[in-house]
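Here are the chains, one letter per residue:
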Amino acid sequence: MNPRFLLSGVGLALSLGSVACDGYVSAPPGQAGRQPPGSLGTAGSTGAALPGVATTLPSGCDAQAPLRRLTNFEYARTLQDLFPGYDLGQTGKVIPGDTTSRELIFDNQATLQGVSAQHVDGYGKVAERVAALVTVDAKLTGCEPTSGSDDCFRTFLKPFVERAFRHPASADELARITANFASVKATLGFQEAERAAIERVLQSPQFLYRLEPESLPTAGKSTTLTPYELATRLSYLVWGSMPDTELVAAAKSGALAEPDALAAQVTRLLRDARAKSNFDYLFEQWLNLRAVPNLNKDLQRFPRFTSEIARLMGEETRTFLQRTLFDGQGGVPDLLAANFTYANRALADYYGLQGPASDAFEKVPLPAGRTLGILGQGAFAALYATDKTTHPIKRGAFVRMRLLCDALPSPPANVPPAPEFTGTETARELSVKHRAAATCAACHDLIDPIGLGLENLDAAGIWRDTDVDGKPVDAAGEVLDGADATGAFVGASELAAKLGGSAKVRACVAKQLFRFGFGRDPGPSDQCALGALAAPTEAAQTLDYRALLRRLVTSDAFRLRTN
Amino acid sequence: MSSTLNRRRLLSAAGFALTLPLLPSLAPRGARAADSAVKRLVLWYQPDGDMEDKPYWFPKGSEDNFQLGQASAVLEPIKSDCIFVHGVHNGTPAGDCHSDYMPNMQTGGTRKDSIDQLIAAGLRSSSAFPSLEFGVATDREATNGGRLSFKAGVPLAPEADPNQMFLNIFRDRAGSAGTPAIADPQALQRLQLLQTKRQSVLDGVLVELNEVSSRVNQEDKLRLDAHASAVRDFEKTLTALNGRMAESAPADCGTPVLDVSSLAGQQVWNGALDNQSVPNLDKIAQVQQDLLVLALRCDMARVATFMYNRSLSSQTFEFLPIVNKTTISHMFAHTWRISPEMESDFVVIKKWRASMFLKLVQALKAVNDGAGTLLDSTLLVWICEMGLGSHQPTNIPFVIAGGGGTFRTGRFLDYAGSGGGEPHMKLYLSLAQSLGVSLSDFGGVSTGLPGLT
């Protein structure tokens, strides 16, 4: 058994003590008393664990933390922050894309982060390119490119490794890299040796993974993260990138353990542009926005739907989500209760809305009776449609899986082929035909009637009162087996109101944030954290992602880890 | 000019500059005389299955006397090189047609190793790469329906950018002239030293992986150990590539260059984001197929997969003479019956797909390999994860081409009558057996497809 593992488990902290002489006045895991138990006692925090002291959290309050590899998104951002001022190009493109599944919709899920030889190849290629780029002059390393001294290299190496590895470098870590440097220098000279060191760091697990070895408790127990581990979790949660100098300083001084200082750091991080783009990335995965700008529609039926309109529809929903969920101009309830959207002149003209006079996006009221939130936006209505017709199955499945967090079962084996559109019948007629077979109805009764209630939105995202058969749109719908969202409704506004007031939807919003934040699907042992995120508050209308993040950061699930 | 400079030039020119025709006359040096047995496998994938109740794909007639369908008639010039298969179904648990059919089919339901990877591991060949994964408008991000190769449960990413694929395969040799591959002894020595550096860096990465894996829990340790295993796999490839550079008589493929003149002025695709349609699909497909042939000719891999789009594809076909130019691939599969134009458009698309298969077969036939051609030493199999487009696992329109007599070609094999058809696992087992790889079991099946040889 590794001694470091044991020591941290019993709180002796000798391992970090050994690096204190390297300039880090660390707050080692065993330094009890720095943080009063329960001092962060909001949102489900039990305060049960002292730093570095193994404890057992109550049932339903675990803090499991499977090892997480940097996603391509995080990897590219981390490299950019590690080498500020360099144009690194699109570093993620030679590395295999991240993996998602039908249920695990975010690209950062630990269980899907396996590594193949292709990853090894890609990481090597990027490391070689970056190392070559940053060693052409002395700007980064401080060393003459071809004739630097070993002393110069060592002076560069230590702070570089500590930034790249996001923890104080151990003497062993530095010695291993230095030995590699020396052997390459003997055959290829200083510059290639320096590059070899940088390449090694950029391919090492300490860089590619978010390791938390210092806080690893014994099986079944929980401990508080070290300040460096907490700083790393925080910066990747809010920024999708490595901690900056100020956050590292807060970890180093021990200040991060103080609730006020932690809260101040969260506030500071949220103000940075990286926070905004990181959550834009969350929203685009959650609500499937990436495909929107590439939508095509049949030009005969929808002559006004251009690629520019598709692009603007994506922009509309991104702007809406940023303003209402992140910029303090709304809250989570607006997601489904907004009677407004954001549009510029071209998009407002397309929708037939009054308002904007310029190319800038601004808040635009929807006509009376259309309180739709995102359900009324083109990014949703046009994406979940074919190029010619609406697609109530896709719309219903979106609501079911992305807003209600229901896992839809796969079709049973050997189901008969679904009836196909003839082009003249309505989507409702087709759905009724489809659900006449009991094997199909078992699932499609859960899906189709939700989508059928949205038939006022045509395949190109425009409000319509008349269906393809020339008759008024029949927008009767029903949510079956949807907890407090269950029941019949007529039209998109009634569905939006039903979903907007539903605790099941609120729990789903919490669950999606949990998945994004922790890189895994929550289980029965995560009820504390989920409950804290989903709890209704008096100021529900202003509950946005900044507030949700504060809840998440102060939860035990975030500050502790359970083995 | 040193090969390093060549390589840089190629990179900086985005690959548009260097073009040389792929002359068959450059090819035969790599031949291993007297070794005429089949030694390569290429799985070639197109989505969307077949329009089964219409006479477009499956042949009519007997095993040796049959007529092709309207779309498959495109393959008439190579009819004698092919076996057309009917009545073979995806025999693994069905699951969701888009996210589950493909990984289940390719791995025999285990979700661990796909058939191409099992065969690649079994071949233990001297080629540089155990396998190569080509893509045409495949997604950068992996969803289960978007990958057909899996190794130890990790989906392998097809590379959709011809420039990147070219550099992946040929590395420092890319664009270099002459035999040995790198003629300038000084340039060769430096490249070898750089390769040594790469090895030492990777050895260092293994040390770090080993170091940290002792400080994590058991689950995380398994993942770090798998990462280390991937590093060791890649080190083998690097070692093989390093050896190739110094060979005085390598499996000569002339001067490896990428002919992308057909893409001049166009976007070279770098992987679709989230199922995006690629406007110049046809042109990129041709360059990638040329590159596949080049890679096989140079013996860079014995196993390759070649994937067009994916299940649930959003690809449109505006480059073809069709009416519905905004309709996506997946919707054609579902709704081709809604109008005569949709139906005839879908047939045009199927014909185009067949024409790309035809071109690949003809290109392989044009390259000598030992006593025969590259087609003789290669088993090329057209696969699909479903049969009827919307969306049955039955009657997958498999076509087997080449193999130099491993299987008797020029036949139509219809298994539909024999007790509900045969599971595809039997076909995959037969492929493995014919390549000398004995798998005792694939997806719960232990015998090959009857009547294939």
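Residues numbered from 1 in each chain as written. Chains lettered and ligands numbered in written order. Predicted model: local features only at pLDDT ≥ 70, side-chain atom pairs only at ≥ 80, totals over all residues. Heavy atoms only, no water.

**Here's the deal with the overall build of chain B**
Summing up its helical and strand segments, chain B has 10 helices and 15 strands in all. For chain B, the proportion of contacts with a sequence separation of at least 24, taken over those separated by at least 6, is 74%. As displayed, chain B offers around 15,200 Å² of accessible surface, 53% of which is attributable to carbon and sulfur atoms. (Helix = DSSP H or I, 4+ residues; strand = E, 2+ residues; numbered from the N terminus. Contact = heavy atoms within 4.5 Å. Areas by Shrake-Rupley, 256 points an atom, 1.4 Å probe, with all protein chains shown as cover.)

**Quick notes on the interface of chain B and chain A**
The partner chain A presents 76 residues to the 65 residues of chain B that form the contact. Of the roughly 5,900 Å² buried at the junction of chain B and chain A (both faces included), carbon and sulfur atoms supply 52%. Looking only at chain B, the three residues that lose the most surface to chain A are Glu208, Arg215 and Arg223 of chain B, adding up to 13% of its buried area. The interface formed by chain B and chain A contains 11 salt bridges. Residue arginine 176 of chain A pairs with glutamate 211 of chain B through a salt bridge whose shortest N-O separation is 3.9 Å. Mapped onto the side of chain B that touches chain A, the elements with two or more residues apiece are strand E8 (154-155), helix H4 (162-170), helix H5 (185-213), helix H6 (218-246) and helix H8 (329-335) of chain B. A per-element tally of the side of chain B that touches chain A places H5 of chain B first, with 15 residues. Taken together, the residues of the side of chain B that touches chain A sort by class into 27 nonpolar, 21 polar and 17 charged. (Buried area = accessible area lost by both parts, 1.4 Å probe. Salt bridge = Lys/Arg side-chain N within 4 Å of Asp/Glu carboxyl O. Nonpolar A, V, L, I, M, F, W, Y, C, P; charged D, E, K, R; others polar.)

**Describing unusual backbone geometry**
In this structure, cysteine 405 of chain A takes a positive phi of about 60 degrees despite not being glycine. Assignment of secondary structure puts cysteine 405 of chain A in the loop between helix H17 (392-403) and helix H18 (427-434). Not every positive phi belongs to a glycine, and alanine 137 of chain B is a case in point at roughly 55 degrees. Within the secondary structure, alanine 137 of chain B is located in the loop between strand E6 (132-136) and strand E7 (150-151).

**Here's the deal with the pairing of strand E4 (residues 82-86) of chain B**
Residues and elements named next belong to chain B. Within E4, five of the five residues are buried, which leaves the element mostly enclosed by the surrounding structure. Burial along E4 is two-sided: the residues Cys82, Phe84 and His86 and Ile83 and Val85 are all buried. Here three bridges tie E4 to strand E13 (residues 399-402), and the two strands are oriented antiparallel to one another. Looking across to E13, one finds that phenylalanine 84 is bridged to valine 399. (Buried < 20%, exposed > 50% of the residue type's maximum accessible area, 1.4 Å probe, protein only. Pairing = 2+ DSSP bridges.)

**Some details on the environment of cysteine 508 of chain A**
Residues and elements named next belong to chain A. As for its placement among the helices and strands, cysteine 508 is situated in helix H21 (residues 503-518). Sequence spacing of cysteine 508 and leucine 403 is 105 residues, and the spatial spacing of their C-alpha atoms is 6.1 Å. Once residues within four sequence positions are removed from consideration, cysteine 508 is found in contact with Arg402, Leu403, Leu404 and Cys405.

**So, the confidence of the model for chain B**
All names here are of chain B. Residues of chain B with pLDDT of at least 70 account for 84%, and the chain-wide mean is 84. In this model residues 1-36 is a low-confidence stretch, pLDDT under 50, and it forms 60 contacts with partners more than four residues away in sequence or in other chains. Scored below 50 in pLDDT, residues 176-180 makes 13 contacts in the model with residues more than four places away or belonging to other chains. (pLDDT = per-residue confidence, 0-100.)

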